[in-house]
Amino acid sequence: MTKRKNNWIRLSLMGVLVMALAAGIACSQPAEETETRGTLYLVDQDWNGQLVTTAVMRILLEQEMDHNVATKFAPADSAPLFIGLEEGDFHFVCCNWPSYSAALLEEYVDADEAKVQRIGTVGITGETGWYVPSYVINGDPDRGIAPVAPDLKTVADLNQYKSVFATSDTGDKGRLLEFTAAWDTSPGERLAAFGVDFQPVFAGSEGAALAELDAAFERGDPILTYLWEPHWAHAKYDLVQIEMPEWTSDCYPEGESYNCGFPTDSVAKLAWPGFQEEFPEAYQFLNNFQMTNAQQNEIVLNLTENDLTVRQAAQAWIDANEDIWKAWIP
Amino acid sequence: MIRAQALPARLFGERSYRGILWVAVAVAAYVLAFSLAAANAGTEYGDWPGRWELPIQEPVDRFFEWFEDATAWFFNPLSDVIDRGLDGIEAFLLWLPWPFIVVATAAVGCRLGGKWLGIFCGAAALFIAFNGYWDSAILTLSVVGVSVLFAVGIGVPVGIFAAFSNRFESIVRPVLDTMQVLPAFVYLIPALVLFGVSGTQGIFLTVVYSIPPVIRLTNLGIRQVPLAAIETAHSHGSTAFQTLLQVQLPLAKSSIMMGINQTIMMAVSMVIVTALVGVEGLGTDVWLSLREVDAGEGLESGIAIVLLAVILDRFSYAMARSGHSSPATPPTGGTLSGKSGAGVLKFLASRYALPLAGAALLVVLLIVGALFPPLRDLPDDLTFTLADPVNEVVGWMAVHLHFITSWVRDMLFRELGYSPIHTLFLWLPWPAMMAVSAALAYVTAGWRVALLALAGLGLAGIGGVWDVTMDTLSQVLTAGIFTVVVGVALGLLASQSRHFEAALRPVLDIMQTMPIFVYLIPVIMLWGIGPLVGIIATSVYALPPVIRMTVLGIREVPEQVIETAQSHGSTALQTMLQVKIPLALPTIMMGINQTIIMVLAMVIIAGLVGGGGLGQEVFINSIWLRMGHGLVAGMTIVFMAMVLDRMTQGKREASIPFGLIR
C-alpha cells in the first residue's frame, strides 16, 4: 500500500517539478526583454504569397532593425485573425483581401470603434474571376486533348458549352466550381444576371476546390472555376480568365447590379491598435513597405521551382534587391 | 414440424418473424423512395412552415457578448498564465537535444513494454525527426501533454464526485454526451474571445473534447470496487476519505488509466482543429498541405501524427495494463538503513540507473552538441521526403482509376443510397417525418428517446435548418448503411480467417488514427467534391469499430454451442446464420452504435469538402461570428447523435457511453 502511494506522490512531484521548470523558463524570458523591447508577433497565413512577404518583413526587422520577431499562425482572413489582432495576441498581418472578409472588416475595422487598425495597402492588387484551363479553348496536342470550347471568350459564350462543363452533380447544366459558401462571392446572382445556365457547386474549402482543379488538369477534363490572382495555381496550371462586364460602382457590393465582374482588391495591412505606440520604428518600416504582384510572384516562383524554404526564398530576394528595401528602413 | 415452417423462419428462427416484418417495411419504404427519386419529386411539400421559424439565435449572440465582457477580468489573466506555462514547456522540449528525446522515448518504451516496444518507439521518433517534422511534433506533444494534464486534473475529481452521487452523475452524463458530439466549431468563436488566439484556446478545445472518457472511467472504476473491500476498510476504522485514497482509488487505478489512455488519443485527434486557432504543430502542417494540394506532405504529417499517437497509446496502455504492480518498483529491494558506503552506492545505482544514465546522456549531448551542432538541432538537409512519389501515385490514380471511382460514386452511393433517401426525407411532410421518427425511437428505445427525437426535429424546424437537417440525416443514413453492410461482411470474413484478420488489423489501426484531412486530397482527386465525397470519406473513417466488434462477437461464441449445432448436422452456413450471428448480435450492435456516432462526428468534416448540410452550416457561422446560428445547427447534430445512439443501443437501462469500446 505504501509503495503504491509513493508512486502517486512521486508522479505528482515530478509533475510539479516539470511545471516549475517550465514556468521558470517562461518567466525568465520576458523579464530580460522588457529592458529593451517585447517580441513583435507577425501573422503567418496559409498561402505562399503571404508567407514570403511576411518572411521578407521578418528578416528585415531582425537583421536591419534589431527587433525580436516571432510568427504565429492564423487561417487567412478568419475570425481568429481579427480577434487576435484586437486582443494583441498578434501585432501585425500583411495581406488582408477586403472582399474575402467584408463582414469581419465591417465589424472590426470600419465600425465606429475600430478594434483593429488598417495601415495602408501593400501594393498588391487582387483580381478575382472565373477561369478555365487553356486546353479547353486551345487544346493540347502533346497530351492529345482536343479543344472542346474553341470559341469561349466571355461569359456570354458559356451557354453553348454548358454540356461540356456538366457533371453528375449538375445534370444538364454546366458546373461552376466555387470555393466556400462562407465567402461573399454571389455566384448564383451573377449566373442569373448573365443569363447563363450553370450551377455553382461549393467545394467547402480552398483545399478541396484546388484538389478538384488539380484532378481536372491531371485528367485533361474541362472545368470552370472561381479563382484569383496572384495565386500559386497560375504558376502550376495554364489558366485563361473568362471575360465579364467590367465592375462599376453600380455593381454589387456597392450597387445592386450583378451583371458585372468582380471589383479588384487592394490588399491591406492590418495591425493591433497599440502597435504604433509599442513598436514605433517597426510601425514606420511596415508603413513604408510596398510590394508589387510581380515581386511577390517572383519570390513564390523561386520557392516552388528551386525547392527553397520560405525563409531562404525571402533572403534571396533581400540579397538581390537592397536598393528597394533600403528606402523602407526609417 | 420443422418442415412445416416457412423458409424465413427456418433460416432465422421463430422469433425473427417480427424482424422479417421490419425488413419488409424497410424494403417498401426504399422502393417508394427510389421511385420518388426517379420521378424527380418536388421537394416543397415537406417543408417546415416558414412562419414557425423563430429568431432564437439572436438572444444567444447577445448573451455571449454580455458574457465575454462580464468575465474578461477572470479569463484574460488565466489565459496568460497557462500560455506562459505552455511556452515554457515548448521551449524546454525544443531546447533538449533531439537525440536525447529519441533515446529517452526508446528507453521508456523498453521499460514499459519490453524490447520490441522500445525499438519501435525509438524508430518512430527517428522517422519523425529525419522526415523533417521534429519541431512540429514537439509543439503538438506539448499542447497534447498540457491538455491531458488539465483533463486528468479536472476529470478525476469530477469522476469521483459522480461515483458518490447518483444525482450528480445523472447531470454529468448528458453534458459529457454533448461535449463529445457538439462540433468544436460551435464553441470555437466564444472560446476565442474568452481566451484569445493562444495556446490556452487550443488547450481549452482539446480538454472539452477529450475529458469525457477520464470522467466516465473514473466513475465506473470507483463504482466497480467490491463492497466487501470498502466494508473491510470501514471496519478497520478508515474514514471515508481514507477509504477513497487507500482502497477505492488504488483498486480503480487500471480503469482510470484506461480512461486517461482514451483521453490522450482523443486529444491527439484534436490537433487539426486547434491549428485553426493558431496552435502550431503537426495540425498546421496538414492544413498547409491541404491548401497547396500536396497530398505527399499531407501524408507525411499524417504519419507523424499517427506515430505520435501510437507511442502515446502504447505508453499509457502499458501503464494501465501494469495496474497494481507498478513497473517502477526497484529490481533489488531493501532500504537504505544499515548499509556500508559501497552498498549505498550500489543501491543508488540499481534504483536510479535509468534517471542517472539519462542525466549523463543529456550532459554528454549538450557538450558534444556545442561542438557538433547537428546533434543539437537536426539540419534541414539531413531530412528525406516521401512527398514526390506519393504525389505522383495520387496523380496517376486520379487519371487511371477515375472511371471506376466515378461509377462507384454515381451508381452505388448516389443512385442507390443518398438520392432516394434524401428525396424521401424532403418529400415527407414534416409532421409525418416527426411521427415516423418518434415511432421508430419509441419502438427501439422507449418514450424518453421518442421525446428526444421530437425535440431535436422541433429545434431544427424552429431554428430554420429543417432542410439542411434532412440533408445531413440522409447522408448519415447512407454512410451508416454502407458502413454496416461492408463492415459486417468484412468482419465475418476476418472472423473465419486468422490471416485476413492479421492483415486487416494494422490497416484498421491506421484508419482510426490518421486524421481524415490527410486523405481528403486523394479522396477528392479520385471522387471529386460534393456530398457523395463526404459520405464516402465518412464510411471509410467509420468502418473499423463495426469490423472489430463483428470479429470479436463471432469469436466469443462458446465452442460447445458450435459443436452442439454441428453435431445436430448443421452446415457451416447454417451454423453461421442460426447460431453464431444471433449470439454475436449484441456485440455487433455495439460496433454499429460506435460507427453511427463516428459518422455523426464526421458530418462537420464533410461540410469542408462540399458535403453541405449541418456541418457546412456550423462552419460558415463560425466564420461569420454568428454563434447563435452555429449553436442551433450544432445542437441539432447533438440531438441526432443522442437519438441514434440510444436507438442502436436498444432498450437497456444503463446505457453504455459512446466511444468507450476498444
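Not measured: the values here are computed from a predicted model. (Residues numbered from 1 in each chain as written. Chains lettered and ligands numbered in written order. Predicted model: local features only at pLDDT ≥ 70, side-chain atom pairs only at ≥ 80, totals over all residues.)

**Some remarks on the overall build of chain A**
Then step 1. What chain A contains, in helices and strands, is 13 helices and 9 strands.
Then step 2. A buried classification covers 40% of the 330 residues belonging to chain A.
Then step 3. Considering only contacts within chain A whose residues lie at least 6 apart along the sequence, 69% involve residues at least 24 apart. (Helix = DSSP H or I, 4+ residues; strand = E, 2+ residues; numbered from the N terminus. Buried ≥ 20, exposed ≤ 12 C-beta atoms within 10 Å, placed from the backbone. Contact = placed C-beta atoms within 7 Å.)

**Structural notes on the overall build of chain B**
Then step 1. Across its full length, chain B carries 29 helices and 0 strands.
Then step 2. Relative to its length of 662 residues, chain B is compact, with a C-alpha radius of gyration of 27 Å against a globular reference of 26 Å.
Then step 3. C-alpha atoms of chain B, sized along the principal axes, occupy 90 × 65 × 55 Å.
Then step 4. Buried residues in chain B amount to 47% of all 662 residues.
Then step 5. When contacts within chain B are restricted to residue pairs at least 6 apart in sequence, long-range pairs at least 24 apart make up 80% of them. (Rg over C-alpha atoms; globule rule 2.2 N^0.38 Å.)

**As for the environment of T513(B)**
Residues and elements named next belong to chain B.
Then step 1. Assignment of secondary structure puts T513 in helix α23 (residues 498-513).
Then step 2. C-beta crowding within 10 Å serves as the criterion here: with 20 such atoms nearby, T513 is assigned to the buried category.
Then step 3. As for T513 and L307, which are separated by 206 residues in sequence, their C-alpha atoms are 9.0 Å apart.
Then step 4. Residues within four places of T513 in sequence aside, it is in contact with V306, A309 and V310.

**Considering the domain arrangement of chain A**
Residues and elements named next belong to chain A.
Then step 1. Looking at chain A, the domain boundaries give domain 1 (37-116 + 272-326) and domain 2 (127-241).
Then step 2. Across the contact, 10 residues belong to domain 1 and 5 residues belong to domain 2.
Then step 3. Listing elements by their share of the side of domain 1 that touches domain 2, those giving two or more residues are α2 (48-63) and α11 (293-305).
Then step 4. No other element matches the 6 residues that α11 contributes to the side of domain 1 that touches domain 2.
Then step 5. By residue class, the composition of the side of domain 1 that touches domain 2 is 4 nonpolar, 6 polar and no charged. (Domains from an automatic or database assignment. Nonpolar A, V, L, I, M, F, W, Y, C, P; charged D, E, K, R; others polar.)

**With respect to the packing of helix α21 (residues 447-462) of chain B against helix α29 (residues 627-649) of chain B**
Residues and elements named next belong to chain B.
Then step 1. The contact between α21 and α29 brings their axes to 9 Å, and the two run at 155°. As the angle between them shows, α21 and α29 are arranged roughly antiparallel. The element α21 and its partner α29 pack so that their crossing is left-handed. Residue-level inspection shows V449, L452, A453, A455, G456, L459 and A460 of α21 in contact with α29, the latter providing V632, M635, T636, F639, M640, M642, V643, R646 and M647. (Axes fitted to C-alpha atoms, helices over the stretch in contact; angles between N-to-C directions. Parallel < 35°, antiparallel > 145°, perpendicular 65-115°, else oblique. Left-handed = near helix turned anticlockwise from the far one by under 90°.)

**Regarding the interface of chain B and chain A**
Then step 1. The partner chain A presents 45 residues to the 52 residues of chain B that form the contact.
Then step 2. Elements represented by at least two residues in the side of chain B that touches chain A include exactly α3 (57-95), α7 (184-195), α11 (240-251), α14 (282-291), α18 (387-400), α19 (402-427), α24 (520-527) and α28 (613-623) of chain B.
Then step 3. Element by element, the count of residues in the side of chain B that touches chain A is highest for α3(B), at 7 residues.
Then step 4. Considered class by class, the residues forming the side of chain B that touches chain A number 28 nonpolar, 18 polar and 6 charged.

**Regarding the domain arrangement of chain B**
Residues and elements named next belong to chain B.
Then step 1. With domains assigned, chain B is organised as domain 1 (78-90 + 134-323) and domain 2 (405-649).
Then step 2. Using C-alpha coordinates to define each centre, domain 1 is positioned 25 Å away from domain 2.
Then step 3. At the level of secondary structure, the elements contributing two or more residues to the side of domain 1 that touches domain 2 comprise α6 (166-181), α7, α14 and α15 (295-322).
Then step 4. Per element, the largest residue contribution to the side of domain 1 that touches domain 2 is 8 residues, and it comes from α15.

**Here's the deal with the environment of L158(A)**
Residues and elements named next belong to chain A.
Then step 1. Along the chain, L158 turns up in the loop between α5 (134-138) and β5 (174-178).
Then step 2. Distance in space between the C-alpha atoms of L158 and Q50 is 33 Å, their sequence separation being 108 residues.
Then step 3. Among all residues touching L158, those that are not within four sequence positions of it are G174, V196 and F198.

**Focus: unusual backbone geometry**
Then step 1. In the segment running from E229(A) into P230(A), the intervening peptide bond is cis, with an omega of 0°.
Then step 2. Structurally, the position occupied by P230(A) is in the loop between β7 (224-229) and α8 (233-236).
Then step 3. Phi is positive for D66(A), which is not a glycine, with a value near 60°.
Then step 4. With respect to the secondary-structure elements, D66(A) resides in the loop between α2 and β2 (69-73).
Then step 5. Overall, the presence of 10 C-beta atoms within 10 Å leaves D66(A) in the exposed class.
Then step 6. Located in the positive-phi region is V293(B), a residue other than glycine, with phi close to 50°.
Then step 7. Within the fold, V293(B) resides in the loop between α14 and α15.

**Focus: the packing of α7(B) against helix α8 (residues 199-210) of chain B**
Residues and elements named next belong to chain B.
Then step 1. Contact geometry of α7 with α8 gives a least axis separation of 10 Å together with a crossing angle of 140°. It follows that α7 is oblique to α8 by the angle criterion. The handedness of the crossing between α7 and α8 is right-handed. Two secondary-structure elements touch here, α7 through A184, L188, A191, L192 and F195 and α8 through T200, Q201, F204, L205 and Y209.
Then step 2. Considering only residue class, the contact of α7 with α8 consists of 8 nonpolar, 2 polar and no charged.

**Concerning α29(B)**
Then step 1. Given a rise of 1.5 Å per residue, 23 residues ought to cover 33 Å, and the 32 Å separating the end C-alpha atoms of α29(B) matches this to within 8%.
Then step 2. Along α29(B), 22 of the 23 residues are buried, which leaves the element largely enclosed by surrounding structure. (Expected span 1.5 Å × (residues − 1).)

**Points about the pairing of β5(A)**
Residues and elements named next belong to chain A.
Then step 1. Of all 5 residues that make up β5, 5 are buried, and the element is covered over most of its length.
Then step 2. Residues G174, L176 and E178 line one face of β5 and the alternating positions R175 and L177 line the opposite face, and both faces are buried.
Then step 3. Pairing of β5 with strand β6 (residues 198-202) involves 5 bridges; the strand directions are parallel. If you follow L176 over to β6, its bridge partner there is P200.
Then step 4. This β-α-β element, β5 to helix α6 (residues 187-194) to β6, shows right-handed connectivity.
Then step 5. By the bridge criterion, 2 bridges tie β5 to β7 in an arrangement that is parallel. Along β7, the bridge assignment pairs L176 with L224. (Pairing = 2+ DSSP bridges. Right-handed = clockwise from strand over helix to strand, strands pointing away.)

**Thoughts on helix α10 (residues 280-288) of chain A**
Residues and elements named next belong to chain A.
Then step 1. Taken together, the buried positions of α10 are A282, F285 and L286. Angular distribution of buried residues about the axis of α10 spans 95°; they occupy a single face of the element.
Then step 2. In this structure, the buried residues of α10 make contact with β1 (40-44), α2, β3 (92-96), β4 (117-133) and β9 (265-271). (Arc of directions from axis to C-beta.)

**Details of the nonpolar core**
Then step 1. Counting 269 residues, the largest nonpolar core has L520(B), I524(B), L600(B), M602(B), V609(B) and V643(B) as its most contacted members.
Then step 2. Aside from chain neighbours lying at most four places away, what touches I524(B) is A208(A), A211(A), E212(A), A215(A), I529(B), V533(B) and V609(B). (Core = buried A, V, L, I, M, F, W, Y, C linked by C-beta atoms within 7 Å.)

**Details of the confidence of the model for chain A**
Residues and elements named next belong to chain A.
Then step 1. When pLDDT is averaged along chain A, the result is 86, and 89% of the positions lie at 70 or above.
Then step 2. Ignoring residues within four places in sequence, the model shows residues 1-5, a span with pLDDT below 50, making 4 contacts including any to other chains.
Then step 3. Confidence drops under pLDDT 50 across residues 27-35; counting only partners more than four residues distant or on other chains, this segment forms 4 contacts. (pLDDT = per-residue confidence, 0-100.)

**Looking at the environment of I299(A)**
Residues and elements named next belong to chain A.
Then step 1. You can see I299 is positioned in helix α11.
Then step 2. With 15 residues separating them along the chain, I299 and Q284 place their C-alpha atoms 24 Å apart.
Then step 3. With sequence-adjacent residues up to four places away left out, I299 is seen in contact with V52, A313, A314 and W317.

**Let's talk about the pairing of β7(A)**
Then step 1. Relative to β7(A), β4(A) is paired through 5 bridges, and the arrangement is antiparallel. Bridged to T128(A) within β7(A) is W228(A).

**A word on the confidence of the model for chain B**
Residues and elements named next belong to chain B.
Then step 1. With 90% of its residues at a pLDDT of 70 or more, chain B has an overall mean of 82.
Then step 2. Ranking the elements of chain B by mean pLDDT puts helix α1 (residues 7-12) last, at 48, and helix α5 (residues 134-164) first, at 94.
Then step 3. When the criterion is pLDDT under 50, residues 1-9 qualifies, and its contacts beyond four places in sequence or with other chains add up to 4 contacts.
Then step 4. Note that pLDDT drops below 50 for residues 324-336; the model gives that stretch 13 contacts with residues more than four away or on any other chain.
Then step 5. Reported confidence for the predicted complex is 0.76 by ipTM and 0.80 by pTM.

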